[in-house]
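Below are the chains, spelled out letter by letter.
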Amino acid sequence: MTMNMDKLVSLCKRRGFMFQSSEIYGGLNGFWDYGPLGVELKRNIKEAWWRDMVSGHNELVAPPGAPSAYEMTGLDCTIIMHPQIWKCSGHFDLFCDFMVDCRESKRRYRHDHIRGRWVEAKGQRIFVTTLVQAIEEEQDLQHRALKFFHLRNKDAEQLHWDGGIQSLAGVRDLAVVLGPDASQLGTLTDPREFNLMFKTYVGALAGEESAAYLRPETAQGMFVNFKNVLDSTRVRVPFGIAQMGKSFRNEITPRNFTFRSREFEQMEIEFFCHPSESQAWYRYWRDRRMKWYQDLGLSGERLRLREHDPDELSHYSTGTADIEYAFPFLADGEYGELEGVAHRGDFDLRSHMEGKLDPKTCPLQLELDANGQPKYRGSGKDLTYRDDLTGERFIPHVVEPAAGADRAALAFLCEAYTEDEAPDEHGNLQSRTVMRFHPRVAPIKCAVFPLVKKDGMPEVAQRIYAELKTHFPVFYDEKGAVGRRYRRQDEAGTPYCITVDGQTLVDNTVTVRDRDSLEQWRVKVDDCLPELLQRLK
């Protein structure tokens, strides 16, 4: 992983993939805007997901690896829902991160994000911490340790390091900790819980009776609409409900570009199946979702499927696997989550029928208050399923593949970023930056150039552009040398470029250039569209 993340961030702004939200006012941490190229990239990812998972699914045939054929349908639920939903689901009580405050810098940090290392000098042993990217951690820790002990760079050998870099969570005595922005020891407070849900109010008056929350996930809308989907369609278990939409989490320390943001978009499926088949369906969706990323160009070296250890599992889960990607801002050997595939059992439907379930019980029982009454009551609605063929009634188990559209976009950006050499218009090798997107997710599918702005070439190029434009995003460019135009499209990730030149006026053919191989070949003007449609599949 030799790619420099700073170069990618710079390219994203320069070429219009991503901008920091509200940048002209100094920006707003944890929020990002997608630019002209970025919005196309993200839209293509979402459309590929919806097409492959929902609209293009053939419910009459069992896909490879599936226990049987199944149906898929979709929903688009509101961002603000009844607050009781979040109490029964457990989010109101359990959706928390631990945070620490620094008395000196007045800053707040997420406890598990602070990393550091033990060091001893001048007879004193401290735990020095940092929040910089993994690639810069060693350098920053040494700089901070030297500064604390009033040493110069030439005195670095006086620092005696003990062990490797570790999380602050493993340090019990905060009195010997040098906070990430502190100059003195012991400035960090003890960790305390912080609810990640954004609170708001519904109606004209702000009070607890009108309090509501922006949804922290899209899943609950599908659970509470389970009966509505059954009653309004002809779907039978097994079937899936899919949804794409915005979610909001009040992250304490958003970091690593768009990887951890406060506003993000999810692509989730809640797949309802018979309890006896749920493990087989879990394995199917785990493998199916892994293959989807591979088919769209994420390499095997950077992508992995990791089963959770038993102590990692949520209290309701009997199996969870994370699809992870080795993002460049992580240390060597570390991976960040792209998607989680969880076997949720009957936890969700039971919660919305009965009320909040106690995570300390096994099997799960209703959580009671001090008076022995349900802590948070459910809807009381019957969310069981009756099989009209067998007469069996049961609470379906759920398998949940939950992907992040923003994290997927970031992974595809990281995977695509490449630096190599290519000949310019004079045949001289020049360094170039190229975004090697899979054609399905590339923001622009093709660019059309007239070699020069005369001799009828622009008119031919504009006719080709108009025809292609009705089928997929195309870019027209007649400014500058053709070599520089190629470079601009390489940075945008455009797979193919079409150039109208002098030979076009003789035999009605154009030059097509491949972004990755740099191969060029000639095609009849009338064959441009079928040629590209075939290659863009």
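Everything here concerns the structure above.
Residues numbered from 1 in each chain as written. Predicted model: local features only at pLDDT ≥ 70, side-chain atom pairs only at ≥ 80, totals over all residues. Heavy atoms only, no water.

**Q** Teacher, can you tell me more about the sheet that holds strand β5 (residues 108–110) here?
**A** Hydrogen bonds between backbone atoms are what pair the strands of a sheet, whose relative direction is either parallel or antiparallel. The 3 strands lie next to each other as β5-β4-β10, forming an open sheet whose pairing is antiparallel. On the outer flanks of this sheet lie β5 and β10 (192–195), each paired with one strand and no other. Strand-to-strand twist of the sheet, defined as the mean angle between neighbouring strand axes without regard to direction, takes the value 50 degrees. Where strand β4 (residues 96–101) and β10 come together, 4 bridges link them in antiparallel fashion. What sits directly across from M99, in β10, is R192. (Pairing = 2+ DSSP bridges. Helix = DSSP H or I, 4+ residues; strand = E, 2+ residues; numbered from the N terminus. Axes fitted to C-alpha atoms, helices over the stretch in contact; angles between N-to-C directions.)

**Q** Is there a simple way to think about the side chain of S210 in this case?
**A** Structurally, S210 is set in the loop between β11 (199–201) and β12 (211–213). You can call S210 buried: its relative accessible area is 11%. In this structure, S210 is in contact with T200, Y201, V202 and L205, ignoring residues within four places of it in sequence. (Buried < 20%, exposed > 50% of the residue type's maximum accessible area, 1.4 Å probe, protein only. Contact = heavy atoms within 4.5 Å.)

**Q** Would you explain the environment of Q142 in this entry?
**A** By secondary structure assignment, the location of Q142 is in helix α5 (residues 137–148). The exposure class of Q142 is partly exposed, given its relative accessible area of 31%. For the pair Q142 and A156, spaced 14 residues apart in sequence, the C-alpha to C-alpha distance is 7.8 Å. Setting aside chain neighbours within four positions, we find Q142 in contact with A156, L159 and W161.

**Q** Where do I start with the sheet that holds strand β3 (residues 71–74) in this structure?
**A** Pairing in this open sheet of 7 strands is mixed, and the strands run β3-β13-β14-β22-β17-β16-β15 from one edge to the other. Strands with a single pairing partner mark the edges of an open sheet, and in this sheet they are β3 and β15 (303–307). Pairs of neighbouring strands in the sheet enclose a mean axial angle of 20 degrees, with direction left out of account. Strands in contact with helix α2 (residues 36–55) are β3, β13 (239–248) and β14 (263–273); relative to β13, the strand with the most contacts, it is inclined by about 160 degrees.

**Q** So what exactly am I meant to see when it comes to the pairing of β4 here?
**A** Each regular strand shows side chains that alternate between the opposite faces of the sheet. In this sheet, β5 lies alongside β4 in antiparallel orientation, the contact comprising 3 bridges. Among the inter-strand pairings, V100 is bridged to a residue of β5, identified as Y109. The antiparallel pairing of β4 with β5 creates a hairpin that spans 6 residues between the two strands, and K106 there sits at a positive phi of about 65 degrees.

**Q** For this particular structure, what's the right way to read the nonpolar core?
**A** Across soluble globular proteins, nonpolar side chains show a tendency to be buried alongside one another. Counting residues in each nonpolar core, the largest one holds 59 residues, and the members touching the most others are I45, W281, W285, Y293, F327, L413 and F437. Those elements that provide at least two residues to this core are α1 (5–14), α2, β14, α8 (278–295), β16 (319–325), β17 (336–345), β22 (397–404) and α10 (405–416). Counting residues per element, this core draws most heavily on α10, at 9 residues. Setting aside chain neighbours within four positions, we find W281 in contact with A66, P67, S68, Y70, P238, F271, C273 and V399. If you look at the next biggest cluster of nonpolar residues, it comprises 22 residues, including A461, L468, I498 and V523. (Core = buried A, V, L, I, M, F, W, Y, C linked by side-chain atoms within 4.5 Å.)

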